[in-house]
Amino acid sequence: VGVLDVAVAVDFSQSMRTADVAPSRLERAVTVVRGAVDLLPEARVALTVGAGESLTLVPLSADRAALRAALSAPLPPAGMTPGSNLAVLLTAGAGQLAGGRGGRALLVATDGEEHEGTAAEVATGLRRDGISVVVPQCGSDQGGPVPVAHAEGATTYLRDRRGALVHSRARR
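Just so we're clear, the structure is a prediction, and the values are computed from it rather than from any experiment. All chains use their own residue numbering, which begins from 1 and follows the written sequence. Local features in a predicted model are, by the rule used here, given only for residues with pLDDT of at least 70; side-chain atom pairs are given and counted only at 80 or more, and totals for whole chains, interfaces and linings are based on all residues. Working from all heavy atoms in the structure, the side-chain values ignore hydrogens and water.

**Brief notes about the layout of surface pockets**
Part 1: The way it works is a 1 Å grid over only the protein atoms, where trapped points that fit a 1.4 Å probe form a cavity and open points with protein on both sides within 12 Å along at least five of seven lines form a pocket, and then any residue with an atom within 4 Å of a point lines it. Grid points are joined across faces, edges and corners, and a volume is the space filled by probe spheres set on the points. When its volume is computed, the largest pocket comes out at roughly 520 Å³.
Part 2: For the largest pocket, the lining is made up of 25 residues, of which Ser13, Gln14, Ser15, Arg17 and Val146 are closest to its centre.
Part 3: The element that contributes the greatest number of residues to the lining of the largest pocket is strand 7 (residues 147–149), accounting for three residues.
Part 4: Throughout this entry, Asp, Glu, Lys and Arg are counted as charged residues, while Ala, Val, Leu, Ile, Met, Phe, Trp, Tyr, Cys and Pro are counted as nonpolar. The remaining residues, Gly among them, count as polar. Among the residues making up the lining of the largest pocket, the classes are represented as 12 nonpolar, 10 polar and three charged.
Part 5: Computed from the structure, the second largest pocket encloses a volume of approximately 360 Å³.
Part 6: The helix and strand labels rest on DSSP assignments: H or I over at least four residues marks a helix, E over at least two residues marks a strand, and numbering proceeds from the N terminus. Those elements that place two or more of their residues in the lining of the second largest pocket are helix 3 (86–95) and helix 4 (119–128).
Part 7: Considering every element that reaches the lining of the second largest pocket, the biggest residue donor is helix 4, with four residues.
Part 8: Taken together, the residues of the lining of the second largest pocket sort by class into nine nonpolar, three polar and four charged.

Written out as structure tokens, the structure reads:
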């Protein structure tokens, strides 16, 4: 019996800060990831985060302390390029599974919003290559306004070019 390798990919795009699920999509996603990984004590895990680009925070390892530390750190990491490119996130997360010795799974914590890239095509290719792609829904069908945190501590909400509030809904 081989080892299960699980790459966790967490979407850090701005819409993940929407509070249509408490306390926010992002915080709920991190809670779901922790719970899922705890259910797989023998699995090796990796952690990749992404928005407009992706960054691997924990390479594939049995080191649960590193994963817990990364999930407890302020997120997203400083300097991450803003955006919403799930295809890049999926590709980077799956890259951690190359050369796996057993089952391979990619757990993608996202609200499904994508403004760049071709995530559906990438996911289809990964499945064809024998990687299970699991995507728990982060967010509600009703959605909510997208918060924008400012350096001085104030929060406003994202508006489009016409000045209307941007309303984000989770995509399946």
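**Side note on the pairing of strand 3 (residues 54–61)**
Part 1: Two strands are said to pair when DSSP picks up at least two bridges between them. Bridge count between strand 2 (residues 44–50) and strand 3: five bridges; the pairing is antiparallel. Pairing of threonine 48 across the sheet is with threonine 56, part of strand 3.
Part 2: Two successive antiparallel strands, strand 2 and strand 3, enclose a turn made up of three residues.

Read these as layout, nothing more, since geometry by itself doesn't imply function.
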